[in-house]
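Here is what each chain is made of, one letter per residue.
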Amino acid sequence: MSSMSTKGGIMIVLLFGENTFLKQQEIMRLKADAKSTAMHYDGETMSRETWQQLVREQSLFGGQQLIVIDDLSKNTLLWDDVATDTPFNDTVVVLSETKVDKRTKTYKWLQKKAKVVECAPMKERDTRQAAQWLQRYAEDQKVKLSPELIDEMIRRATRQSTVDDRSAIIDQELLVSVIKQLSSSDVISLDTLGAVLAPSNHDNIFELFATALQGDGQQVHEAITRLSAEQDGYLAMGLLASQAQQLAGLVLGNDRDIDTIAHELGVHPYSLRQLSRYATTVSPEKLSHIVLVLSEADSRVKTGKAEPWLAIENALQSVSAAVKGGAV
């Protein structure tokens, strides 16, 4: 975290990362310090006139203003203006970004002149840390959760990263929303949880991969028909490629324990335990084919050469055939 801007009377805060929960917490602290409500703007569609008005004009009510601008870095011209536009008024400007290009001159300027806070998400491997946090948060909200429910909530709140398609993250904002919805329930069960928190895309894509590993091509087709209407194909492709790598870690693990392999791969052991039932039935030759077809499909999707769900179906039908002993 760097020092705050000394440019005029402004304080610039850069919040970047996928953890929207941490961003909201930081904005709440800034609101309390400024004794002001926050005005929110979409930076991607903001005009230069609006930007200059926000940072130059004095507040009609006096005192400090708090302005939150989302995704300004997607607006290239205005992002460049952050480091060059003068003067500023007595304003707190929060630049909220999911991802920033650290090579830009504006980011380098912000590192020196602004308060920079990375709001990194909890990763899939951080399940223990997430469970401790969720337990404390639930208790603060007077919600009683069993350890089993906490584990299930974290599993369902695990999703694919939008920044790194090889990484799975735990969505704290989603968990906060679920706790609020559960706060009116006297007794919380799996059925109660199911009414407010559905199984994650992570679970659905695992079941799809598992179906292919069972050699059931017809079920693969039916599952893809259903999932393609509900889920993003690009994220699904990234999840499948990641699961193929995890399967490879198990098959080629040289009898190492799951915790050790999970640590090396940077995933939670739970994911590997789910896959372990299939690892013993996949030979190194068939594994090579599985990894190859999914890697090729992933590459074709990323380069725009194939529609995601069509590439997924072709790859998984090939996996199903290989598992059943057909031509590969």
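Residues numbered from 1 in each chain as written. Predicted model: local features only at pLDDT ≥ 70, side-chain atom pairs only at ≥ 80, totals over all residues. Heavy atoms only, no water.

Visitor: Explain empty space enclosed by the protein here, please?
Guide: To locate leftover empty space, one rolls a probe as large as a water molecule over the atoms. Under the criterion given, the structure shown has three cavities of 30 Å³ or more. Lining the largest cavity, in full, are Glu18, Asn19, Thr20, Phe21, Pro121, Arg159, Ile169, Ile170, Asp171, Gln172 and Glu173. Contributing elements (two or more residues each) for the lining of the largest cavity: α1 (20–34), β8 (168–170) and α7 (172–182). Taken together, the residues that form the lining of the largest cavity break down as four nonpolar, three polar and four charged. (1 Å grid on protein atoms, 1.4 Å probe; cavity = no way out; pocket = protein on both sides within 12 Å on 5 of 7 lines; lining within 4 Å. Points joined across faces, edges and corners; volume = space filled by probe spheres on them. Helix = DSSP H or I, 4+ residues; strand = E, 2+ residues; numbered from the N terminus. Nonpolar A, V, L, I, M, F, W, Y, C, P; charged D, E, K, R; others polar.)

Visitor: I tried to follow the sheet that holds strand β7 (residues 158–160) on my own but got confused; where do I start?
Guide: Strands sit in the order β6-β8-β7 across an open sheet of three strands; the sheet is antiparallel. The open sheet terminates on both sides in strands that have one partner only, identified here as β6 (122–123) and β7. Pairing between β6 and β8: two bridges, direction antiparallel. Within β8, the position partnered with methionine 122 by the bridge is isoleucine 170. (Pairing = 2+ DSSP bridges.)

Visitor: Help me out: how do you make sense of the packing of aromatic side chains in this one?
Guide: Each aromatic ring pair is summarised here by two numbers: the centre-to-centre distance and the angle between the ring planes. Tallying each qualifying case throughout the model produces four aromatic pairs. When the centroid spacing of 5.4 Å and the interplanar angle of 65° are considered together, the rings of phenylalanine 21 and tryptophan 133 count as edge-to-face. Of this pair, phenylalanine 21 sits in helix α1 while tryptophan 133 is found in helix α5 (residues 127–140), placing the two residues 112 residues apart along the sequence. In terms of burial, phenylalanine 21 and tryptophan 133 fall into one category: buried. An angle of 90° between the planes, with centres 6.5 Å apart, marks the rings of phenylalanine 21 and tyrosine 137 as edge-to-face. Placement of phenylalanine 21 in helix α1 and of tyrosine 137 in helix α5 is noted, with a sequence separation of 116 residues between them. (Phe/Tyr/Trp six-rings, centres within 6.5 Å; stacked < 30°, edge-to-face > 60°. Buried < 20%, exposed > 50% of the residue type's maximum accessible area, 1.4 Å probe, protein only.)

Visitor: Would you mind going over the pairing of strand β3 (residues 65–70) with me for this structure?
Guide: The side chains of a regular strand alternate between both faces of the sheet. Burial runs high along β3: five of the six residues are buried. Summarising the sheet, β3 and strand β4 (residues 91–97) pair through six bridges and their orientation is parallel. Within β4, the residue paired with isoleucine 67 across the bridge is valine 93.

Visitor: I would appreciate a short explanation of the pattern of salt bridges in the present structure.
Guide: Think of it this way: side chains of opposite charge can pair up when their charged atoms draw near. A complete count under the given rule lists 11 salt bridges for this structure. Among the salt bridges present, the one from arginine 156 reaches glutamate 152, with a minimum N-O distance of 2.7 Å. Of this pair, arginine 156 and glutamate 152 both sit in helix α6 (residues 147–156), separated by four residues, roughly a single helical turn. The class for arginine 156 is buried, based on a relative accessible area of 15%. Through salt bridges with shared partners, a single ionic network connects Glu18, Arg159 and Asp171. (Salt bridge = Lys/Arg side-chain N within 4 Å of Asp/Glu carboxyl O.)

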